[in-house]
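What the coordinates show
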Amino acid sequence: MIEPNPKADLLRYLQEARDALLWKLDGLSEYDIRRPLTPTGTNLLGLVKHVAGVELGYFGDTFGRPFFDEAPPAWWYTEDAEPNADMWATADESREEIVGLYHQAWEHSDGTIAALELSAIGHVPWWPQERREVTLHHILVRVIADTQRHAGHADIVRELIDGAVGALKGRDSLPSGDQAWWETHRDRLERAAREADGGV
């Protein structure tokens, strides 16, 4: 019989989400990983930067293990930071710098997860006082949900850039079909949408 290991299960799903998000950068130019593809500016490298910050905050500050020994970077979540600064990369912030920070965040987060029980209590400093007290279990679930959400954003952004799709490297989780099949499929969906809207 398999012994349950909730912490290992949660960490595995978190790592899958991390890997999926980073994989979406593979093979793309500096322009393509930064270009905004939604009206609100969603872009691949910005998603990685944001999720790195999420992990460093929730698994760092929340449990008394701040990542930054000195002043945090200008984009960090402070009152002085430019709004949305964590969701995009300046021309001076390299891919290597942001991906490297994300890998450092994993190491820091994994250290917190290894050191504490799932029932360990932390305090989220930026939440309202009455909700600040949380468990490590709560934070793990929250960060997994957030990372998977942004990995889904990255799926769509990457498909818009070059048509590449898939949940994980080597596992696209999609029906097989060539470009003509997908074009026919999309046209069928378009017709169904128009019919549902009264044939407009």
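My aim in this report is to walk through the structure given alongside it, one point at a time. Keep in mind that what you see is a predicted model, and the values were worked out from it rather than measured. (Residues numbered from 1 in each chain as written. Predicted model: local features only at pLDDT ≥ 70, side-chain atom pairs only at ≥ 80, totals over all residues. Heavy atoms only, no water.)

Position of Ser109 relative to the elements: it lies in helix 4 (residues 95-115). Non-local contacts of Ser109, meaning those with residues more than four positions away in its chain, are made with Arg18, Glu55 and Phe59. (Helix = DSSP H or I, 4+ residues; strand = E, 2+ residues; numbered from the N terminus. Contact = heavy atoms within 4.5 Å.)

Ranked by size, the top nonpolar core spans 26 residues in total, and within it Leu21, Leu22, Leu25, Leu44, Leu45, Val48 and Tyr102 carry the most contacts. At the level of secondary structure, the elements contributing two or more residues to this core comprise helix 1 (6-23), helix 3 (44-59), helix 4 and helix 5 (136-162). Counting residues per element, this core draws most heavily on helix 3, which supplies 7 residues. Discounting residues that sit within four places of it in the chain, Leu44 has contacts with Lys24, Leu25, Leu28, Asp32, Ile33, Ala154, Val157, Arg158 and Ile161. (Core = buried A, V, L, I, M, F, W, Y, C linked by side-chain atoms within 4.5 Å. Buried < 20%, exposed > 50% of the residue type's maximum accessible area, 1.4 Å probe, protein only.)

With their axes 12 Å apart at the nearest point, helix 1 and helix 4 run at an angle of 175° to one another. Judged by the inter-axis angle, helix 1 sits roughly antiparallel to helix 4. Between helix 1, through Lys7, Leu11, Leu14, Gln15, Arg18, Asp19, Leu21 and Leu22, and helix 4, the contact on the second element is made entirely by Val99, Tyr102, His103, Trp106, Ser109, Asp110, Ile113 and Ala114. Residues of the contact of helix 1 with helix 4, tallied by class, amount to 9 nonpolar, 3 polar and 4 charged. (Axes fitted to C-alpha atoms, helices over the stretch in contact; angles between N-to-C directions. Parallel < 35°, antiparallel > 145°, perpendicular 65-115°, else oblique. Nonpolar A, V, L, I, M, F, W, Y, C, P; charged D, E, K, R; others polar.)

Such coordinate-based values are descriptive only and should not be taken to indicate function.
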